[in-house]
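Fold and geometry: a report
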Amino acid sequence: MQTAHSLDVLRTNVSKLRSGGARIGLVPTMGALHEGHLTLVRRALEECDAVVASIFVNPTQFGPNEDLDAYPRQLAQDAAMLESEGCALLWAPEASEMYPDGFVTNIAVTGVSEGLCGADRPGHFDGVATVVNKLFNQVLPDMAFFGEKDFQQLAVIRSMARDLNLSLPHVHSIIGVPTVREADGLAMSSRNRYLSKANRQAAAILPRAMKSAIAAIEAGSDVASCLTQLEGALIEAGFDSVDYAVLADATSLKALERLGGKPARLLVAARIGGTRLIDNMAVSS
Ligand code: AMP
């Protein structure tokens, strides 16, 4: 596996990979890799001839009081994991390469970026849309792979690709990969390592409480009461607060008061011991 820290080296290596018409898959990450990320790489390898993974802790998607400085960085370990999965190229730029002096452009996706995490993290999805657009332009991948774990992020990126008529990757080549979970059901996340042992144990209530709420909603119970009960279960188990627990249309991400025959999603963000955890699951109508 080659590693590129500069755009010149990236482009030279991407051209080499592409020679002979190989299809390139891109897996963007912020590093601190776990099985969730590696599952994206494996899926990309199934669908493409060569996989480029990026590791960039993107400062513009962190708010002033968020964990940019504390975010785990372990490039050598991550590189070894990517190499053993068969990744062809690692793109690990410096912030100065991504945002040189004089950088003035921002991509703001409205609609799906509003509400949910967008309400709690102002500017977050502008940072995501802008950096992902840059990564797409830098690598020009045939396909790109994102986790459903960040369901709203996936919706924002698809909207951006559709609205800006991106061709590499085309909106239909942006692939959502189901969330990979720990044995107790907690969605894998680089941020899980912030949790104390007790909080890590307590956090497993999140997917369990979500499943119970979904079963009740699918059985016809009142949605608002199910969501209130879900929030109560999280607080009782040791969560400090719930940023949101919402039943939403799976495409528009608009909140639903009841199931309406279209694909729906339960999305939750909650805080425990200073760590903000998110999760989402499909709800059948
Ligand atoms: P991150 O490094 O957290 O920004 O995530 C990079 C990519 O990995 C994003 O597309 C995430 O949605 C995806 N991802 C993170 N955690 C998981 C998981 N548990 N299962 C599947 N994909 C994930």
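Residues numbered from 1 in each chain as written. Predicted model: local features only at pLDDT ≥ 70, side-chain atom pairs only at ≥ 80, totals over all residues. Heavy atoms only, no water.

This next bit is on the overall build of the protein. Scanning the protein for helices and strands turns up ten helices and nine strands. Since a compact globule built from 285 residues should have a radius of gyration of about 19 Å, the 19 Å found for the protein is in line with a globular shape. Projected onto its principal axes, the C-alpha coordinates of the protein cover approximately 55 × 40 × 40 Å. Put simply, the protein has 285 residues, and 53% of those count as buried. Contacts spanning at least 24 positions in sequence make up 72% of the contacts within the protein whose residues lie at least 6 apart. Put simply, the protein shows about 13000 Å² of open surface, and 50% of that area lies on carbon and sulfur atoms. Between the mean site of the 25 positive side-chain charges and the mean site of the 32 negative ones, the protein shows a separation of 2 Å. (Helix = DSSP H or I, 4+ residues; strand = E, 2+ residues; numbered from the N terminus. Rg over C-alpha atoms; globule rule 2.2 N^0.38 Å. Buried < 20%, exposed > 50% of the residue type's maximum accessible area, 1.4 Å probe, protein only. Contact = heavy atoms within 4.5 Å. Areas by Shrake-Rupley, 256 points an atom, 1.4 Å probe, with all protein chains shown as cover. Lys, Arg positive; Asp, Glu negative; His and termini not counted. Charge placed at Lys NZ, Arg CZ, Asp CG, Glu CD.)

Next up on the list: helix α2 (residues 35–47). End to end, α2 covers 18 Å across 13 residues, agreeing with the expected 18 Å (1.5 Å per residue, within 8%). All of the buried residues in α2 are Gly 36, His 37, Leu 38, Leu 40, Val 41 and Ala 44. Residues of α2 that are buried make contact with β2 (24–29), β3 (50–55), α3 (75–85), β5 (143–147) and β6 (174–177). (Expected span 1.5 Å × (residues − 1).)

Let us now look at the domain arrangement of the protein. One frequently used descriptor of interface size is the decrease in accessible area upon assembly of the parts. Partitioning the protein into structural domains gives domain 1 (2–177) and domain 2 (190–278). Computed over C-alpha atoms only, the centres of domain 1 and domain 2 are separated by 27 Å. Residue-level contacts link 21 residues of domain 1 with 15 residues of domain 2. Regarding the contact of domain 1 and domain 2, the summed buried area is about 1600 Å², with carbon and sulfur atoms giving 55% of it. When residues of domain 1 are sorted by the area they lose upon contact with domain 2, Leu 116, Asp 120 and Phe 151 head the list and together hold 37% of the total. The interface formed by domain 1 and domain 2 includes three salt bridges. Among the ionic pairs, Glu 148 bridges to Arg 265, the shortest N-O distance being 3.5 Å. Contributions of two or more residues to the side of domain 1 that touches domain 2 are made by α5 (117–120) and α7 (151–163). Considering each element in turn, the side of domain 1 that touches domain 2 owes the most residues, three residues, to α7. Here the side of domain 1 that touches domain 2 is built from residues that sort into ten nonpolar, five polar and six charged. (Domains from an automatic or database assignment. Buried area = accessible area lost by both parts, 1.4 Å probe. Salt bridge = Lys/Arg side-chain N within 4 Å of Asp/Glu carboxyl O. Nonpolar A, V, L, I, M, F, W, Y, C, P; charged D, E, K, R; others polar.)

Here we come to the packing of aromatic side chains. Counted by the stated rule, this structure contains four aromatic pairs. Aromatic pair Phe 56 and Tyr 99: ring centres 6.2 Å apart, planes at 40°, arrangement tilted. Within this pair, whereas Phe 56 is found in the loop between β3 and α3, its partner Tyr 99 is found in the loop between α4 (95–98) and α5, the two being separated by 43 residues in sequence. A single burial state applies to Phe 56 and to Tyr 99, both of which are buried. Seen from their ring centres, Phe 136 and Phe 146 are 6.2 Å apart, and the 70° between their planes marks the pair as edge-to-face. One end of the pair, Phe 136, is in helix α6 (residues 124–139); the other, Phe 146, is in strand β5, and ten residues separate them in sequence. (Phe/Tyr/Trp six-rings, centres within 6.5 Å; stacked < 30°, edge-to-face > 60°.)

Let us look at the site of the ligand. The local shell around the ligand holds 17 residues, among which Met 30, Gly 147, Asp 150, Val 180 and Met 188 are the closest. Between the ligand and Asp 150, the relevant distance is 2.6 Å, taken from an oxygen atom to a side-chain nitrogen or oxygen of the residue. The contact in question runs from a nitrogen atom of the ligand to an N or O atom on the backbone of Met 188, over 2.9 Å. Elements with a contribution of two residues or more to the shell around the ligand: β2, α2 and β5. Counting residues per element, the shell around the ligand draws most heavily on α2, which supplies three residues. Looking at the shell around the ligand residue by residue, the class counts come to eight nonpolar, seven polar and two charged. (Near = heavy atom within 4 Å. Polar contact = N/O pair within 3.5 Å; in protein donor to acceptor, adjacent residues only side chain to side chain.)

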